[in-house]
Amino acid sequence: MLLKSSGSCGNRVPQIPDVAAAYDTCLQLARTHYENFPVASWLMPPAARKHIAALYAFARIADDFADEGYRPPADRVMFLEDWQRRLDEAAAGHVELKGDTDHIAVFLALKETLRVLPEDSRNQAHGLLSDLLSAFRQDVIKKRYDTWADVLDYCRRSANPVGRLVLLVTGYPEEAAAKHSDAVCTALQLTNFWQDLARDWAKGRLYVPLEVVQVHHAQLEALDKRRWTPEWRKAMADMGARTEDLFAKGRPVADGVRGRLAWELRLTWLGGHRILDRLAAADYDVFSSRPSLTWRDAVAIAAGVVTWRRSA
């Protein structure tokens, strides 16, 4: 159903989606652009799917705009700042009914998702979505990270909000679960960084902290020549070990929830961990070949979901 804005006779006015249609728009976006938000999975609790889709659509549009390299950085930052303004208005119960109809739909759905959350969870969700936008703005202007702490801070804002938002809209606001989720989300983000190292370097971006590069005497010039040296193998083995530790620390998040969400979180953990295993087996040499999951991996992951043992 669409709501027509009132206007003078003869003027074309945009058709504004009602809340149900707004959620449908978000779900469609999630199903066609599915990545890290577990929205498209039938394992997600049905009542939560539309809310997770609204959160995903909000983040997906903003992230896509931040990554549009043909636009000047100032224009991308300006868009993200306006996205923040519209988020703040939606959290306060208001939606600007002008501009791109899909964008209007996203904020109508997001406003409703925030409205139905308990007040504490609503405030947390608003802050987490703001953290995502902060990370997107940083991605526009920052291409190197000096320290491991700097990389973890970026993950705190770019990845960890995803898990915390999923827990909030599925009814798990406890901080203990959120901390386990943080570890998994950071591990997943880091795994994606190591998997995409060659692609990111081609764009001038590197997430391996420079302090680690220096400790292992790796040379950035080697990446320019697509040479995977022993020094880079050591640096990435270091990164892989830290990522593995985060996967282990976060594993209990799948044991602290019930029903379909538990299966979804097991699947997410096992899939990310499988990619990390593939990277380690290849000495993290993504210049020769970028590891990805095959149907054989899917079978192994499905078996792992069924035979999952609770963390000690």
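Above this text sits the structure in question.
In short, a report on the structure. (Residues numbered from 1 in each chain as written. Predicted model: local features only at pLDDT ≥ 70, side-chain atom pairs only at ≥ 80, totals over all residues. Heavy atoms only, no water.)

**Some remarks on the packing of helix α5 (residues 119-141) against helix α7 (residues 160-169)**
No. 1: Following both chains from N to C, one finds α5 and α7 inclined at 155°, their axes separated by 10 Å at the closest point. Looking at the two axes, α5 sits roughly antiparallel to α7. The chirality of how α5 crosses α7 is left-handed. Judged by residue contacts, Ser121, Gln124, Ala125, Leu128, Leu129, Asp131 and Leu132 of α5 engage Pro161, Arg164, Leu165 and Leu168 from α7.
No. 2: The residue inventory of the contact of α5 with α7, partitioned by class, reads seven nonpolar, two polar and two charged. (Axes fitted to C-alpha atoms, helices over the stretch in contact; angles between N-to-C directions. Helix = DSSP H or I, 4+ residues; strand = E, 2+ residues; numbered from the N terminus. Parallel < 35°, antiparallel > 145°, perpendicular 65-115°, else oblique. Left-handed = near helix turned anticlockwise from the far one by under 90°. Contact = heavy atoms within 4.5 Å. Nonpolar A, V, L, I, M, F, W, Y, C, P; charged D, E, K, R; others polar.)

**A word on the packing of helix α1 (residues 19-32) against helix α4 (residues 101-116)**
No. 1: Their axes nearest at 8 Å, the elements α1 and α4 cross at an angle of 110°. Taken together, the axis directions place α1 and α4 in an arrangement best described as roughly perpendicular. Where α1 approaches α4, its residues Val19, Ala22, Tyr23, Thr25 and Cys26 are matched on the opposing element by Asp102, Ala105, Val106, Leu108, Ala109, Glu112 and Thr113.
No. 2: Its residues placed into classes, the contact of α1 with α4 shows eight nonpolar, two polar and two charged.

**With respect to empty space enclosed by the protein**
No. 1: A full pass over the atoms with the stated rule returns two cavities of 30 Å³ or more.
No. 2: By volume, the largest cavity is sized at about 60 Å³.
No. 3: Lining the largest cavity are Gln124, Leu128, Arg164, Leu167, Leu168, Tyr172, Pro173, Glu175 and Ala178.
No. 4: Among the secondary structure elements, those contributing two or more residues to the lining of the largest cavity are α5, α7 and α8 (175-195).
No. 5: Looking at the lining of the largest cavity element by element, the count peaks at three residues for α7.
No. 6: Space inside the second largest cavity adds up to approximately 30 Å³.
No. 7: Around the second largest cavity, the lining residues are Phe193, Trp194, Leu197, Asp200, Arg205, Leu206, Tyr207 and Val208.
No. 8: Of all the secondary-structure elements, those providing two or more residues to the lining of the second largest cavity are α8 and α9 (197-202).
No. 9: Among the residues forming the lining of the second largest cavity, the class breakdown is six nonpolar, no polar and two charged. (1 Å grid on protein atoms, 1.4 Å probe; cavity = no way out; pocket = protein on both sides within 12 Å on 5 of 7 lines; lining within 4 Å. Points joined across faces, edges and corners; volume = space filled by probe spheres on them.)

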